[in-house]
Amino acid sequence: IIGEHLGKVLDNLHKLIGLPVGSSEANLFNHVPNIIILKYLEATSQLTNFLKITLLKYITVGHQNLLKFQRNDGSFASAGSSIGSTWLTAYTSLAFYWSREYIQVDPTVIESALGFILSKQQADGSFVESGSVSNFLQGGALTGTALAAYISMVLDICSPTNPQVLTARNNALNYVTNQLNGVTD
């Protein structure tokens, strides 16, 4: 059954390719799949020149669009909001990190975003969500244990050797471990 459903997705992969437009969340909704699809098509030797050009263009457009939502403190915010979202900043950082394989990404953008995220970590290892984000994109990982687990993964991927980031990641993982008995999210 799983193979059958996956086959349908792979047969219709072109329908997942989209030009990132609109709010930060809407941009991410198309931007991240474009990166994943490009990576998949490369890995499976199915990438045509037309798709490569299209995906690279869309990744570049998505990246440029997302930069419009970065705030002075390094965070990323929803459209119309002056306050950056911890979750949205983590997701955008991950998208930018993955984009580096295909387009030029200023490393200071990721570093300042991670700095914002670290500033939101509490003494117990959890993170405070300072902004707002559309629920359709974040899938329940906006608070508590789920947010700490998600951010620990992002920190591990985006900056696996920075001592300050490693400490924050370890504190987040300790928080998650301590919360496992009461997890409901």
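Look above for the structure.
Just so we're clear, the structure is a prediction, and the values are computed from it rather than from any experiment.

Moving on, we come to the overall build of the chain. Counting its secondary structure elements, the chain contains 8 helices and 0 strands. Going from N to C terminus, the chain has its helices and strands arranged as α-α-α-α-α-α-α-α. Burial analysis of the chain (185 residues in total) assigns 44% to the buried set. Intrachain contacts of the chain at a sequence separation of at least 6 include 66% that bridge at least 24 residues.

The end-to-end C-alpha distance of helix 3 (residues 49–67), which contains 19 residues, comes to 27 Å, matching closely the 27 Å that a straight helix rising 1.5 Å per residue would cover. Residues of helix 3 that are buried: Thr-54, Leu-55, Tyr-58, Ile-59, Gly-62, His-63, Asn-65 and Leu-66. Taken around the axis of helix 3, the buried residues stretch over an arc of 165 degrees, which confines them to a single face. Of the exposed residues in helix 3, the ones pointing more than 90 degrees away from its buried face are Asn-49, Phe-50, Ile-53 and Lys-57. Buried residues along helix 3 sit in contact with helix 2 (24–43) and helix 4 (86–99).

Overall, the coordinates contain 2 salt bridges when judged by the stated rule. For Glu-101, the salt bridge goes to Lys-39, with nearest N and O atoms at 2.5 Å. Residue Glu-101 is located in the loop between helix 4 and helix 5 (107–119), and its partner Lys-39 is located in helix 2; the two are separated by 62 residues in the primary sequence. Notably, a salt bridge pairs Asp-156 with Arg-169, separated by 2.6 Å at the nearest N-O pair. With Asp-156 in helix 7 (residues 144–158) and Arg-169 in helix 8 (residues 163–179), this pair connects stretches of sequence that are 13 residues apart. Judged by relative accessible area, Asp-156 falls into the partly exposed class, the value being 36%.

Thresholds, definitions, all that
The residue count restarts for each chain, going from 1 along the sequence in the order it is written. Since the coordinates come from a predicted model, pLDDT governs what is reported: local features require at least 70, and pairs of side-chain atoms require 80 or more to be given and counted, while whole-chain, interface and lining totals use all residues. Calculation of side-chain values draws on the structure's entire complement of heavy atoms; hydrogens and water are dropped beforehand. Numbering goes from the N terminus for both helices and strands, where a helix is a DSSP run of H or I of at least four residues and a strand is a run of E of at least two. Relative accessibility decides the category of a residue: with a 1.4 Å probe and only protein chains considered, values under 20% of the type maximum give buried, values over 50% give exposed, and everything between is partly exposed. By definition in these notes, contact holds between two residues if any of their heavy atoms fall within 4.5 Å. Each residue after the first adds 1.5 Å to the expected span of a helix. Along the arc lie the directions from the helix axis toward the C-beta atoms. A side-chain nitrogen of Lys or Arg and a carboxyl oxygen of Asp or Glu constitute a salt bridge if their distance falls within 4 Å.

These values are about where atoms sit, not about what they do.
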